[in-house]
Amino acid sequence: MINLVLLALYGIIILTFLIVSFFIVYHLVTYSINSELNFIMLFLFVAVTAGLLISNLALFFSIDWNMLITDLLP
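Residues numbered from 1 in each chain as written. Predicted model: local features only at pLDDT ≥ 70, side-chain atom pairs only at ≥ 80, totals over all residues. Heavy atoms only, no water.

Chemist: What am I meant to see in the confidence of the model for the protein here?
Modeler: The predicted structure's coordinates, where accompanied by low pLDDT, should not be read in detail. Scored by pLDDT, the protein comes out at a mean of 90, with 99% of its residues at no less than 70. The lowest-confidence element of the protein is helix α3 (residues 65–72), averaging 80 in pLDDT; the highest-confidence one is helix α2 (residues 35–62), averaging 94. (pLDDT = per-residue confidence, 0-100. Helix = DSSP H or I, 4+ residues; strand = E, 2+ residues; numbered from the N terminus.)

Right, dumping it as structure tokens:
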């Protein structure tokens, strides 16, 4: 039960991260002054964001939550 709560809270955090990232991409595309620099900024932002998201997901799912929760709860 606690694992589902943790997964739901983590899902909300990831969803928020993705929504904020889409807003940033939208503003990079819409309000860019230099079109050559726009492509570089967009590519760099998407690559770094994807790398951070993938590493975060890998680290979150590598934690043994059952052991951690049973050690913290009496």
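Chemist: Teacher, can you tell me more about the packing of aromatic side chains here?
Modeler: Per the stated rule, a full pass over the model turns up four aromatic pairs. Their ring planes at 85° and their centres at 6.4 Å tell us that Y10 and F61 sit as a pair that is edge-to-face. Placement of Y10 in helix α1 (residues 2–30) and of F61 in helix α2 is noted, with a sequence separation of 51 residues between them. Residue classification places F61 among the exposed positions, given a relative accessible area of 56%. Relative to F61, the ring of F60 has its centre 5.1 Å away and its plane inclined at 85°; by these criteria the two rings are edge-to-face. Following the ring pairs from residue to residue traces out a cluster consisting of Y10, F60, F61 and W65. (Phe/Tyr/Trp six-rings, centres within 6.5 Å; stacked < 30°, edge-to-face > 60°. Buried < 20%, exposed > 50% of the residue type's maximum accessible area, 1.4 Å probe, protein only.)

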